[in-house]
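Here is how the chains run, residue by residue.
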Amino acid sequence: MQQNHIFYPSEPQPQTAAALNTITLPELYDNVYRPSLTLIEDFLYSGVYLFVGPPKIGKSFFMAQLAYHVATGTKLWNYPVQQSDVLYLSLEDDMPRLQKRFSRMFGVDTTANLYLCTNSNSLSGGLELQLSTFLQMHPDTKLVIIDTLQKVRELSGNNYSYSQDYAIISKLKTIAAEHNICIIVVHHTRKLEAEDKFDMISGTNGLLGAADGAMVLHKNKRTDLHASLSIVGREQQDQTLALEFLPQTCTWKFVQAQKDLWQEPADPLLEKIAAFLSNEKPTWYGTATQLLTALAIKDMKPNAFTRRLNVKVDKLYNDYGILYTNQNKHTSRLITLHKMEKKEA
């Protein structure tokens, strides 16, 4: 789905060093914020994610597989994918190696939606500007992969503090938030084992503390073909997947999930709105009172109705493909509902 260029309120910022710019809870509910991105359902969302594992475990093969599936819009195992452009910074490779890797994994089937790069600046040397420039030139890009973190770190030695680790992820989060994209940063684990797999992330807790989520790829022995992928994040439920590496294609196969994810029940109000729009009439525009009348809803006040929709903007967009806005127009607030066309791979 392509998102229209619509203004959404930004996060409140302090006006001076001595003042806090606050809003009340009712004002919070009256705002409509930009819907976050669901790139891979139940798996990957907008924000910055760490993808972590020991050296030579197959992280780069996993990244290539992920990039190809998002660029082509094909399901990753049983997970639905939103097709988009992808920028893959494979900074430990060269182009001949990437050519061999992708052809072995996917044959010579191609997609022009996948952009490859093997050299970039560090974050202290201009990577932020490089990424921002690319994203402005390619606004359909929704996934950026940085492989690896070490290649873009500030050149300040090998000993990193919590504040340094937190700052480097925060810089990438600013870019991800500005463009509503997902950035995956490939990193490595410590040599020492830990009961909690996320304690194996090399560096300080500042990396995981700043990131929106993390994935840890782990094998019991390096020669094993089977691995586990532990996932934690702000936008999804914690889960662990059992995977198998297929040497003939160098791709990862889904074996099973440790447990079924809890599914939020359908919202009758959103179901009614989804049924109200159609491909023949994909857009509706009017006041909350007019929309209540059109939906034949009599037991809800307009103010409560708009607040219900305001807090469901993500679900409307990601689950139903409906872009919702609620903006002040002269003396009233006007709602716009637009059923998005699915972008073909």
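Structure's up top.
Note that the structure is a prediction, hence the values are computed from the model and not measured.

Peer 1: Quick rundown of the overall build of the protein chain? Include the residues and the values.
Peer 2: Assigned secondary structure in the protein chain consists of 10 helices and 14 strands. For 345 residues, the compact-globule estimate of 2.2 N^0.38 gives 20 Å, and the C-alpha radius of gyration of the protein chain, at 22 Å, lies within 12% of that figure. Burial statistics for the protein chain: of 345 residues in total, 45% are counted as buried. Of all intrachain contacts in the protein chain linking residues separated by at least 6 positions in sequence, the fraction that spans at least 24 positions is 64%. Total accessible area computed for the protein chain in this model is approximately 18,400 Å², and 52% of it derives from carbon and sulfur atoms. Of note, the protein chain has its 35 positive side-chain charges centred 1 Å away from the centre of its 35 negative side-chain charges.

Peer 1: Which residues make up the sheet that holds strand E13 (residues 322-329), and what values go with them?
Peer 2: Ordered in space as E12-E14-E13, the three strands form an open sheet in which the pairing is antiparallel. Edge positions in the open sheet fall to strand E12 (283-286) and E13, since each of these has one partner strand only. Strand-to-strand, the axes of this sheet are offset by a mean angle of 10°, without reference to chain direction. Summarising the sheet, E12 and strand E14 (residues 332-339) pair through four bridges and their orientation is antiparallel.

Peer 1: Explain the environment of Ala214 residue by residue, including any values.
Peer 2: Structurally, Ala214 can be placed in strand E8 (residues 213-218). Spatially, the C-alpha atoms of Ala214 and Gln83 are 22 Å apart, while their sequence positions differ by 131 residues. The residues touching Ala214, leaving out its near neighbours within four places in the chain, are Tyr49, Leu50, Phe198, Ile201, Leu208, Ser230, Ile231 and Val232.

Peer 1: Could you give me a rundown of the pattern of salt bridges, with the residues and numbers involved?
Peer 2: Taken as a whole, this structure holds nine salt bridges when the rule is applied. The residue Lys173 makes a salt bridge to Asp212 at a minimum N-O spacing of 3.8 Å. In this pair, Lys173 is assigned in helix H5 (residues 162-179) and Asp212 in the loop between helix H6 (206-210) and E8, connecting sequence segments 39 residues apart. Judged by its relative accessible area of 26%, Lys173 is partly exposed. Classification of Asp212 by relative accessible area gives buried; the value is 16%.

Peer 1: Run through the packing of aromatic side chains, naming residues and quoting values.
Peer 2: In total, this model carries 13 aromatic pairs according to the counting rule given. Relative to Tyr79, the ring of Trp77 has its centre 6.4 Å away and its plane inclined at 65°; by these criteria the two rings are edge-to-face. With relative accessibility at 7%, the residue Tyr79 sits in the buried group. A ring pair is formed by Tyr115 and Phe134, whose centres lie 5.3 Å apart and whose planes are at 80°; its orientation type is edge-to-face. Remark: Phe134 occurs in helix H4 (residues 127-137) and Tyr115 occurs in strand E5 (residues 114-117); sequence separation between them is 19 residues. Note on Phe134: relative accessible area 15%, which makes it buried. The rings of Phe43, Phe51, Phe62, Trp77, Tyr79 and Phe254 are connected pair by pair, giving a single aromatic cluster. Directly above the aromatic system of Phe61 lies the positively charged group of Arg101, at a separation of 5.6 Å from the ring centroid.

Basis of the calculations
- Residues numbered from 1 in each chain as written.
- Predicted model: local features only at pLDDT ≥ 70, side-chain atom pairs only at ≥ 80, totals over all residues.
- Heavy atoms only, no water.
- Helix = DSSP H or I, 4+ residues; strand = E, 2+ residues; numbered from the N terminus.
- Rg over C-alpha atoms; globule rule 2.2 N^0.38 Å.
- Buried < 20%, exposed > 50% of the residue type's maximum accessible area, 1.4 Å probe, protein only.
- Contact = heavy atoms within 4.5 Å.
- Areas by Shrake-Rupley, 256 points an atom, 1.4 Å probe, with all protein chains shown as cover.
- Lys, Arg positive; Asp, Glu negative; His and termini not counted.
- Charge placed at Lys NZ, Arg CZ, Asp CG, Glu CD.
- Pairing = 2+ DSSP bridges.
- Axes fitted to C-alpha atoms, helices over the stretch in contact; angles between N-to-C directions.
- Salt bridge = Lys/Arg side-chain N within 4 Å of Asp/Glu carboxyl O.
- Phe/Tyr/Trp six-rings, centres within 6.5 Å; stacked < 30°, edge-to-face > 60°.
- Lys NZ or Arg CZ within 6 Å of the ring centre and 35° of its normal.

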